[in-house]
Amino acid sequence: MKVRKTFQTRFVLVALLVAGLGFSNAVQAQQNWNATVGAQSANMSKQAVAFLPNEIWIHAGDSITWTFASGDIHSVTFLTVGQVYPFDFTQGCPPMTPSGSPFDGSSCVSSAPLTLGQTYQVIFPAAGNYEIVCLVHAQMFGTIHVLDPSLPLPYDQASYDEQAKEQLKALLEDADLRQHHAEHQHSMADMFSAKVSSSMKSVTAGVGEIAATAGGQQSFSLVRFINNTVTIHAGHTVEWTNLDPEIGHTITFGTVPQDLIDPSCSPNCVVTTDPDGALHATITSTQQNVHSGLIAALLEDEPGVPQGPVYPPTRFRVTFTTPGTYPYVCAFHDNLGMDGQVIVLP
Ligand SMILES: [Cu+2]
């Protein structure tokens, strides 16, 4: 009995020792990497819609913690192969999975839409190449290469920090060029607006550009109404166009409605469709609530996906009949300071 107990004790001790060694080995192999989601200028007008960096090599068992760095929302999402990219980003994959969830390709993992200062961690237990997507921005994606722990990794954390900085710098420099072009030449809105009427002013509702790396795509967005105060005479029309391939906006006068995607107009007014497909409202009073719904650059075609109708609406026109000052916002990006006004003279 005594002998047996001793044996048991020794066995337990050895087992604990082995487990302990195994555990400490595992801890050494499991590294956490850091990356960033989104970035912005101080006044939030310029948004980097990007995973920074957007391509990372790690070992199986490692984790990555993403820190969100913009007022605009994004998600960190890993869909399974064959899964359809969902329309409703508020539901996660669906569903949302807690930070620290493992992803090995067998079931999806997704954060909620997150914003400035929040973090989300994913653990990668199995080797494989995985695409990271943002459910809010379809043109924002990258690649995580998970290698067997016996293989060397091409970069260390300091290299990724440097790559993230360089990618961000490139995006923001492009944004600077576009902003300079738009604000100092006032040519953008005129160049891209449809002069369907001689008495029409044009406003650019957002500008953006997509860039690519080998691992995915990212973009910058200038989240502003450029030339955001326009002055017209009663009876004239203002046209808004969106020159951002990534981000949709709205033009919203008065109360922001529940449904941000579809146009609405109340009381005593309607949003109609012009022959060229542009949405058109007539505002007769500063008390009217007029909402364009989603206005975006036309969506790209995708191989294997059937041709759809021309969608979404790319232009919004408002004819103002009554003198006054008409402030408006983008219902999606009011929090980033995206607003404007139309001053209507007699
Ligand atoms: Cu907007």
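Residues numbered from 1 in each chain as written. Predicted model: local features only at pLDDT ≥ 70, side-chain atom pairs only at ≥ 80, totals over all residues. Heavy atoms only, no water.

A. Broad picture of the environment of Thr90. Within the secondary structure, Thr90 sits in the loop between β5 (77–78) and β6 (101–102). Remark: the alpha-carbon pair of Thr90 and Val136, spanning 46 residues in sequence, is separated by 8.5 Å. Not counting the four nearest positions on each side in its chain, Thr90 is found in contact with Met96 and Pro113. One polar contact links Thr90 to Asp88, side chain to side chain, over a distance of 2.5 Å. A distance of 3.0 Å separates the side chain of Thr90 from the side chain of Gln91, its partner in a polar contact. (Helix = DSSP H or I, 4+ residues; strand = E, 2+ residues; numbered from the N terminus. Contact = heavy atoms within 4.5 Å. Polar contact = N/O pair within 3.5 Å; in protein donor to acceptor, adjacent residues only side chain to side chain.)

B. Local environment of the sheet that holds strand β21 (residues 324–329). Strand order in this open sheet of six strands is β13-β22-β21-β15-β19-β16, and the pairing throughout is mixed. Because the sheet does not close on itself, it has two edges, and the strands there are β13 (229–233) and β16 (264–266). Where β21 lies against strand β22 (residues 339–345), six bridges are found, and the strand directions are antiparallel. Looking at the pairing, Thr325 lines up with Ile343 of β22. (Pairing = 2+ DSSP bridges.)

C. The arrangement of the packing of aromatic side chains in detail. Within this structure, the stated rule accounts for 15 aromatic pairs. Their ring planes at 85° and their centres at 5.2 Å tell us that Trp240 and Tyr328 sit as a pair that is edge-to-face. Of this pair, Trp240 sits in strand β14 (residues 237–243) while Tyr328 sits in strand β21, placing them 88 residues apart in sequence. For the pair Trp240 and Tyr328, a shared accessibility class is recorded, and that class is buried. Ring pairs connect the aromatic residues Phe225, Trp240, Phe253, Phe316, Phe320, Tyr326 and Tyr328, which therefore count as one cluster. (Phe/Tyr/Trp six-rings, centres within 6.5 Å; stacked < 30°, edge-to-face > 60°. Buried < 20%, exposed > 50% of the residue type's maximum accessible area, 1.4 Å probe, protein only.)

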